Every structure is written in C-alpha cells, then in structure tokens.
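Inside the fold
One letter stands for each residue in the lines below.
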Amino acid sequence: VFQVIPDTAFLKKALEWIRIAETYTDNFTIYETRASLYYKLGKKREAIALQEDCIERFTLQLKRMNISNDKIMQRLNDALQKMKDGLETWGLAG
C-alpha cells in the first residue's frame, strides 16, 4: 500500500489495519510495514524506532530458528538507512 498510494487518509487507514494485524502475530514484517507507513506519513522518528525494532525481531527470529537470511536483513537495513538519510523507501523495484 505505502509503495503506490500517496493519499494520507488511505495510509492512515492502512496503519489502523496493521495495528489490528499486530494483535494476531509478532512477525517482523508487520513492524516493517508499520515503520514504512509512519515514514511515508512523515513520522520519521517513530518510523526509525520501529524499523530498528523490526530488525531486532528478525534477528531474534533467525536465532530461534538457527538460520540466516542476508537478503532480508540487507533489505531491512537498507530501508533503515534510507529513513535516516531522509530518502524514499517506497519506490518499486523495476
């Protein structure tokens, strides 16, 4: 949603939905999506904190499963750095 929708009312609605999803799972992607929504809505500080929490959750998930996933970790860290640098994180890969 945050990648292609510029309408802030719709993004705020998506934020409500993602908060509901959080009550059903602690999957890191939920936090990644919420961070991205906050960021696109201009809440940079909150977005960065959530993205850092997302990375921590993903790291713990990998440790519990005794696996690694450098590709996803790189994506999460890249998004965090873009947030810190004030760059768009929602461009579609082509």
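Since the structure is predicted, the reported quantities are computational estimates derived from the model, not experimental observations. (Residues numbered from 1 in each chain as written. Predicted model: local features only at pLDDT ≥ 70, side-chain atom pairs only at ≥ 80, totals over all residues. Heavy atoms only, no water.)

One pass over the full model with this rule turns up 5 salt bridges. K13 serves as the salt-bridge partner of E16, at 3.4 Å between the closest nitrogen and oxygen. Of this pair, E16 and K13 both sit in helix α1 (residues 8–22), 3 residues apart, which is roughly one turn of the helix. Taking relative accessible area as the criterion, E16 reaches 42% and is therefore assigned partly exposed. The exposure class of K13 is partly exposed, given its relative accessible area of 36%. (Salt bridge = Lys/Arg side-chain N within 4 Å of Asp/Glu carboxyl O. Helix = DSSP H or I, 4+ residues; strand = E, 2+ residues; numbered from the N terminus. Buried < 20%, exposed > 50% of the residue type's maximum accessible area, 1.4 Å probe, protein only.)

The N-to-C vectors of helix α3 (residues 44–65) and helix α4 (residues 70–85) enclose an angle of 165 degrees; their axes lie 10 Å apart at closest approach. One finds that α3 runs roughly antiparallel with respect to α4. Judged by the twist between their axes, the crossing of α3 over α4 is left-handed. Residues K44, A47, I48, Q51, E52, C54, I55, F58, T59 and L62 of α3 lie in contact with α4, whose contacting residues are I72, M73, L76, N77, A79, L80, M83 and K84. (Axes fitted to C-alpha atoms, helices over the stretch in contact; angles between N-to-C directions. Parallel < 35°, antiparallel > 145°, perpendicular 65-115°, else oblique. Left-handed = near helix turned anticlockwise from the far one by under 90°. Contact = heavy atoms within 4.5 Å.)

Moving on, we come to the packing of aromatic side chains. Counting across every chain of the model gives 2 aromatic pairs. Measuring from ring centre to ring centre gives 5.8 Å for F10 and W17, while their planes differ by 85 degrees; the resulting arrangement is edge-to-face. With relative accessibility at 45%, the residue W17 sits in the partly exposed group. When the centroid spacing of 4.4 Å and the interplanar angle of 50 degrees are considered together, the rings of F28 and F58 count as tilted. Placement of F28 in helix α2 (residues 28–40) and of F58 in helix α3 is noted, with a sequence separation of 30 residues between them. (Phe/Tyr/Trp six-rings, centres within 6.5 Å; stacked < 30°, edge-to-face > 60°.)

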